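# Reading the structure
Letter by letter, the chains look like this.
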Amino acid sequence: MKADELLAQYENGIRDFTGVNLSEIFLEGANLSEIILDGAILDGAELSQVNFSKASLIEADLNGANLTQANLSHANLSGAILDGAILEEAILDGANLNQADLTIAKLIGASLSEAELKEADLTGVSLNEADLSHADLAKADLTQADLRQAELNNVNLNQANLDKANLEGTILEP
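The text that follows walks through the structure, step by step, so that each part is easy to find. Note that the coordinates shown come from a computational prediction; the quantities given were computed from them, not determined experimentally.

### Considerations on the overall build of the chain
Helices and strands together make up the secondary structure of the chain, namely one helix and zero strands. Computed over its C-alpha atoms, the radius of gyration of the chain comes to 15 Å, within 12% of the 16 Å expected for a compact globule of 174 residues. Projected onto its principal axes, the C-alpha coordinates of the chain cover approximately 45 × 20 × 20 Å. Counting the 174 residues in the chain, one finds 47% classified as buried.

Written out as structure tokens, the structure reads:
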């Protein structure tokens, strides 16, 4: 499916695009709030500044996608593949990222306040200066994660793996 076709259908009230192939699509700045892209293929997509608030991206493939400054607040990304995705300064407040694969993703300056990241794979992730206050990282794998200057106030790190993580300047308040 091409970008203009997706946007036209969305404008006409269609929200369910489950399983659609949008590999390498260009949707920069689009408003796609409450869209359903469960199981969709969005690898390598240009999605910077897209409004995905309250969207459903369950088990979507966003491998290598550019989501810089995207709004993913309260979106459901459980089980999504975000391996190598760029989410710098993205808004993920209240998002569900349980069991998501965020291996080597870049979340520098991202806001993940109250996000659910239970059992998420955050191996080698860049979370410098990210806001993770009140996030749930229970059983998350943060091996070699870069958490420099990150805000971890009231974060649940129960059984999380922080092996070789960089916590320099991290704010850890109970």
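### What about the packing of aromatic side chains?
For the structure shown, the criterion picks out zero aromatic pairs. Directly above the aromatic system of Tyr 10 lies the positively charged group of Arg 15, at a separation of 3.7 Å from the ring centroid.

### Some points on unusual backbone geometry
Unusually for a residue other than glycine, Glu 114 sits at a positive phi of about 65°. Mapped onto the elements, Glu 114 comes out in the segment after α1 (3–11).

### Examining the nonpolar core
Core analysis: the largest hydrophobic core is formed by 60 residues, its most contacted members being Leu 42, Phe 52, Leu 92 and Leu 112. When residues no more than four places from it in sequence are discounted, the contact partners of Phe 52 are Leu 32, Ser 33, Ile 35, Leu 37, Leu 47, Leu 57, Leu 67, Asn 71, Leu 72 and Ala 75.

### With respect to the pattern of salt bridges
Taken as a whole and judged by the stated rule, the model has three salt bridges. Taking the shortest distance from any N to any O, the salt bridge between Lys 118 and Glu 116 comes out at 3.3 Å. Looking at Glu 116, the relative accessible area reads 28%, which means it is partly exposed. Here Asp 146 ties to Arg 148 by a salt bridge, and the two come within 2.6 Å at their closest N and O atoms.

### Concerning the side chain of Ser 111
Here Ser 111 is to be found in the segment after α1. If we skip the residues at most four places from it in the chain, Ser 111 touches Ala 90, Ile 91, Leu 92, Asp 93 and Asp 131.

### Some points on the environment of Arg 148
The residue Arg 148 is located in the segment after α1 in this model. Residue classification places Arg 148 among the partly exposed residues on the basis of a relative accessible area of 32%. The sequence separation of Arg 148 and Asn 71 amounts to 77 residues, and the corresponding C-alpha distance is 23 Å. With residues near it in sequence (within four places) discarded, Arg 148 still touches Leu 127, Asn 128, Glu 129, Asn 166, Glu 168 and Thr 170. A polar side-chain atom of Arg 148 sits 2.6 Å from a polar atom in the side chain of Asp 146.

### A look at the side chain of Ser 126
By the secondary structure assignment, Ser 126 is in the segment after α1. With near-sequence residues (within four places) excluded, Ser 126 lies in contact with Ala 105, Lys 106, Leu 107, Ile 108 and Asp 146.

### Observations regarding the environment of Leu 62
The topology assignment puts Leu 62 in the segment after α1. Taking the relative accessible area as the measure of exposure, Leu 62 reaches 1% and is therefore buried. For Leu 62 and Ala 40, which are 22 residues apart along the polypeptide, the C-alpha to C-alpha distance reads 8.5 Å. Setting aside chain neighbours within four positions, we find Leu 62 in contact with Leu 42, Asp 43, Leu 47, Leu 67, Leu 77, Ile 81, Leu 82 and Ala 85.

Criteria and thresholds
- Residues numbered from 1 in each chain as written.
- Predicted model: local features only at pLDDT ≥ 70, side-chain atom pairs only at ≥ 80, totals over all residues.
- Heavy atoms only, no water.
- Helix = DSSP H or I, 4+ residues; strand = E, 2+ residues; numbered from the N terminus.
- Rg over C-alpha atoms; globule rule 2.2 N^0.38 Å.
- Buried < 20%, exposed > 50% of the residue type's maximum accessible area, 1.4 Å probe, protein only.
- Phe/Tyr/Trp six-rings, centres within 6.5 Å; stacked < 30°, edge-to-face > 60°.
- Lys NZ or Arg CZ within 6 Å of the ring centre and 35° of its normal.
- Core = buried A, V, L, I, M, F, W, Y, C linked by side-chain atoms within 4.5 Å.
- Contact = heavy atoms within 4.5 Å.
- Salt bridge = Lys/Arg side-chain N within 4 Å of Asp/Glu carboxyl O.
- Polar contact = N/O pair within 3.5 Å; in protein donor to acceptor, adjacent residues only side chain to side chain.

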